[in-house]
Amino acid sequence: MMKEKIEILRYNKVDENLAVLIELHKLIFKNNKLNNHLIYFDTNFPSYFKKIVADTRSNYIFTLRLNGTIEGVIHFKIFNDIIFLNNICLSENCQGRGYGKIFLFESLNLLNKT
């Protein structure tokens, strides 16, 4: 079995991966009554999220990549030097396998260095 290459990178410029990040957001409430009723499903969400990505002073977005494939996104918002975890989204492939804990811990470490 091949060891997975784990990378956690800051996402601070809109690129071809934006659609992947939006789809990961939609997994937050998969298979419950809120599915399709949240901002992530609104046709305006991509425009809104682009603005969030562009605001690199108060929004810190990191991606989790396994073997080069984006499998997670985490969004921290900074308010008056207070860190707010807005959301953490993982692909179904990564859920329940400990990647969320690694992703959160390492993202906070990277945030602390910026």
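Draft legend 1. Structural detail: the state of the cysteines. One pass over the full model with this rule turns up zero disulfides. The thiol sulfur of cysteine 89 is not disulfide-bonded, and the nearest other cysteine sulfur, from cysteine 94, lies at 12 Å. In this structure cysteine 89 comes out as buried when scored by relative accessible area, which is 2%.

Draft legend 2. Region of interest: a nonpolar patch on the surface. Side chains of Phe79, Ile82 and Phe84 sit close together on the surface and give an oily, nonpolar patch of about 310 Å² of accessible area. Of note, phenylalanine 84 is situated in strand E4 (residues 82-90). According to the relative accessible area criterion, phenylalanine 84 is partly exposed, its value standing at 39%.

Draft legend 3. Quick look at the pairing of E4. Relative to E4, strand E3 (residues 69-79) runs antiparallel, the two being bridged by eight bridges. Bridge pairing in E4 places isoleucine 78 opposite isoleucine 83. Between E3 and E4, which pair antiparallel and follow one another directly, the connecting turn spans two residues, one of which, asparagine 80, has a positive phi of 45°.

Draft legend 4. Seen up close, the nonpolar core. Ranked by internal contacts, the top residues of the largest apolar core, which has 14 residues, are Tyr11, Leu21, Leu24, Phe49, Ile61 and Val73. Those elements that provide at least two residues to this core are helix H1 (18-26), helix H2 (45-54) and E3. Those residues within four positions of tyrosine 11 in sequence are excluded, and the remaining contacts are Asn17, Leu18, Leu21, Val53, Ile61, Phe62 and Thr63. One finds Ile8, Phe62, Leu90 and Tyr99 within the second-largest nonpolar core, a separate group that totals twelve residues.

Draft legend 5. Region of interest: helix H3 (residues 99-113). In this model, H3 (15 residues) spans 21 Å end to end at C-alpha, consistent with the 21 Å of a helix rising 1.5 Å per residue. Packed against the buried residues of H3 are strand E1 (6-10), strand E2 (59-66), E3 and E4.

Draft legend 6. Region of interest: the packing of aromatic side chains. Considering all chains together, one arrives at five aromatic pairs under this definition. For the pair tyrosine 40 and phenylalanine 45, a centre-to-centre distance of 5.3 Å together with 90° between the ring planes defines the contact as edge-to-face. Here phenylalanine 45 falls in the buried class, since its relative accessible area comes to 2%. Members of the aromatic cluster, each reached through a chain of ring pairs, are Tyr40, Phe45, Tyr48 and Phe49.

Draft legend 7. The arrangement of H2 in detail. Turning to H2, its buried residues number three or more, namely Phe45, Phe49, Ile52 and Val53. The buried residues of H2 occupy one face: seen down the axis, they fall within an arc of 100°. Looking at H2, the residues exposed on the side facing more than 90 degrees away from the buried face are Lys51 and Ala54. Lining the buried residues of H2 we find H1, E2 and E3.

About the cut-offs
Residues numbered from 1 in each chain as written. Predicted model: local features only at pLDDT ≥ 70, side-chain atom pairs only at ≥ 80, totals over all residues. Heavy atoms only, no water. Disulfide = S-S within 2.5 Å. Buried < 20%, exposed > 50% of the residue type's maximum accessible area, 1.4 Å probe, protein only. Patch = residues over 30% accessible without salt bridge, like charges linked within 9 Å, V, L, I, M, F, W, Y side chains within 5 Å. Areas by Shrake-Rupley, 256 points an atom, 1.4 Å probe, with all protein chains shown as cover. Salt bridge = Lys/Arg side-chain N within 4 Å of Asp/Glu carboxyl O. Helix = DSSP H or I, 4+ residues; strand = E, 2+ residues; numbered from the N terminus. Pairing = 2+ DSSP bridges. Core = buried A, V, L, I, M, F, W, Y, C linked by side-chain atoms within 4.5 Å. Contact = heavy atoms within 4.5 Å. Expected span 1.5 Å × (residues − 1). Phe/Tyr/Trp six-rings, centres within 6.5 Å; stacked < 30°, edge-to-face > 60°. Arc of directions from axis to C-beta.

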